[in-house]
Amino acid sequence: MKKKSFRGGVHPEYAKDLTSEAPIKTLIPPTEVIIPLQQHMGAPADPIVKKGDYVRMGQLIGESNQVLGAKVHASVSGEVMAVELRPHLTGRSVRSVVIRNDGQDTPAFLERNCDPIQLSRAAIRNRVAEAGIVGSGGAAFPTVIKLSPPDDISIDYLIINGSECEPYLTADDRMMVEYPEDVILGAKLLAKACDAERIIIGVEENKMQAFHSMHKHASSHGIDVVLLDAKYPQGGEKQLIKALINREVPSNGLPFQAGVIVHNVGTALAVTQACRDGMPFIRRVVTISGAGVNDPSNYWVRLGTPFKEIIATAGGFVGEPGKVLAGGPMMGLAQFDLDVPVIKGTSGITVFRREDSKPLDPMPCIKCARCVDVCPAYLLPTRIEAYSMNAMWDESVEYGAMDCIECGCCTYICPSKRFLLQWIRLAKNEIISAKRRQTE
Ligand code: SF4
Ligand code: SF4
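Residues numbered from 1 in each chain as written. Chains lettered and ligands numbered in written order. Predicted model: local features only at pLDDT ≥ 70, side-chain atom pairs only at ≥ 80, totals over all residues.

A tally of regular secondary structure across the chain gives 13 helices and 17 strands. Whereas a compact globule of 440 residues would reach a radius of gyration of roughly 22 Å, the chain reaches 21 Å, a difference of no more than 12%. A principal-axis box enclosing the C-alpha atoms of the chain has dimensions of 60 × 50 × 50 Å. For the chain, the share of sequence-separated contacts (at least 6 apart) that also reach a separation of at least 24 residues comes to 73%. (Helix = DSSP H or I, 4+ residues; strand = E, 2+ residues; numbered from the N terminus. Rg over C-alpha atoms; globule rule 2.2 N^0.38 Å. Contact = placed C-beta atoms within 7 Å.)

Another point: the domain arrangement of the chain. Segmenting the chain into domains produces domain 1 (16-20 + 111-275) and domain 2 (370-439). Contacts between the two partners involve six residues from domain 1 and, on the opposite side, seven residues from domain 2. Classifying every residue of the side of domain 1 that touches domain 2 gives two nonpolar, four polar and no charged. (Domains from an automatic or database assignment. Nonpolar A, V, L, I, M, F, W, Y, C, P; charged D, E, K, R; others polar.)

Our next topic: helix α1 (residues 121-130). Where α1 is concerned, the buried positions are Ile124, Arg125, Arg127 and Val128. Burial along α1 is one-sided: seen end-on, the buried residues are contained in an arc of 160°. Close packing links the buried residues of α1 with α2 (143-146), α4 (180-194) and α7 (265-275). Positive backbone phi, at 70°, marks Gly132, one or two positions downstream of α1. (Buried ≥ 20, exposed ≤ 12 C-beta atoms within 10 Å, placed from the backbone. Arc of directions from axis to C-beta.)

Neighbouring residues of ligand 1: 16 residues in total, closest Cys375, Cys404, Cys407, Cys409 and Cys410. Sorting the residues of the shell around ligand 1 by element identifies α12 (409-413) and α13 (420-439) as the ones contributing at least two each. It is α13 that provides the largest number of residues to the shell around ligand 1, a total of three residues. Each residue belonging to the shell around ligand 1 can be placed in one class, and the counts come to 14 nonpolar, one polar and one charged. (Near = placed C-beta within 6 Å.)

To continue, consider the nonpolar core. Counting residues in hydrophobic clusters, the biggest one holds 103 residues, and the most contacted among them are Leu158, Ile159, Ala187, Leu190, Ile201 and Ile310. At nine residues, α4 tops the list of elements feeding residues into this core. When near neighbours in sequence (up to four residues on either side) are disregarded, Ile310 contacts Leu27, Val286, Ile288, Tyr299, Val301, Thr305 and Ile349. (Core = buried A, V, L, I, M, F, W, Y, C linked by C-beta atoms within 7 Å.)

Attention now moves to the site of ligand 2. Neighbouring residues of ligand 2: 14 residues in total, closest Cys365, Cys368, Cys371, Thr382 and Cys414. Tallied by class, the residues present in the shell around ligand 2 amount to nine nonpolar, two polar and three charged.

Below, the discussion takes up the packing of α1 against α7. Helix-helix packing is characterised by the crossing angle of the two axes and by the distance between the axes. Where α1 meets α7, the closest approach of the two axes is 9 Å, and the angle between their N-to-C directions is 100°. Between α1 and α7, the crossing angle belongs to the class labelled roughly perpendicular. Counted together, Ile124, Arg127 and Val128 of α1 and Val271, Ala274 and Cys275 of α7 form the full contact between these two elements. Taken together, the residues of the contact of α1 with α7 sort by class into five nonpolar, no polar and one charged. (Axes fitted to C-alpha atoms, helices over the stretch in contact; angles between N-to-C directions. Parallel < 35°, antiparallel > 145°, perpendicular 65-115°, else oblique.)

The structure is reproduced here in structure tokens:
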């Protein structure tokens, strides 16, 4: 079978076999959940509960009137113990609602619909917003915003991203194997909400069980399931669009400008659960993996569950941990505090042993151009790195720093172990901060 792909990228050790056959188990909700009011790309929500309040599972606890806002719900029932700053997996402290779980799971769900595909376009969008759904693949962009492109834009393709190219993670893989009908219903609801004519589901070749599962259930709905080369970052939106329908998203642009909207498998499943079952976004599938944990697996986890609870359920650390990542090894964020909670974009936790996580020692650039060859955004990483090191932000922009998708391929491939991505990220942050200062 012919596989589709994109230019650039790398083939890291995927290590997915640690958990790819592990059925999704349900993690017992902890005695206390910490629910950050910032779990998405955009403005944080404002709390609408206070210390001492009783909340039900699924009850709205945070709201936002900002354009890029998303609603936040209680993932358990119980008493609000505090609304205060708590450690967040971004490394910052974020205002969070702390709930003591009463173990009753007394629900406060939205209305159920036994035939949700009959909902109108506006009703689906409204339900997606009410349920607080954001992209579950990591970026956590509010889903309703993606479903609402400008009026003069027509969307002809909805792409469901089942590539899960990040090493170690298998949450999407298991969702496609275990919940194919729900993923497909979610895809149809998303397509209806954005008026997309066609649906394509892209699955990487290292998930053949998921590919066959989706193919078997999708064909009767007129949905194409396409096999993709197993290459990182196949799941990047621009790379996926190029591979599947050979369209280019403009520089610094968004997929809707190419007539496409991309959603993740987990997002499709969350949309089904919201529209059919009335369940707000209060739980997600999380992979816990790596040589540093005893029992790698996949779990349904209530949002707000501290990392330490998941690590303990997975049998605890093997020896001395060297690094705990929120996410996988290519794009994951290293954690300093295991009290940080799972949020809407947490697809996995990867644990490395101390002997496997030695600090890098950067050497001078040998001008081999390997970073250029692998960059899927067609950039010159070494040039942007040099500009960033010299605080030459305008030149960084000129060389496309804002088009960097932060995949880390350049850093991964560099024989001199240079911190290319880190310098490019610094340039991006400086450029964004300067723009913000100009508009204030
Ligand atoms: S420059 Fe950015 S997009 Fe290109 S390889 Fe490096 S991290 Fe990826
Ligand atoms: S891969 Fe590393 S050594 Fe090679 S050109 Fe890029 S920065 Fe220089």
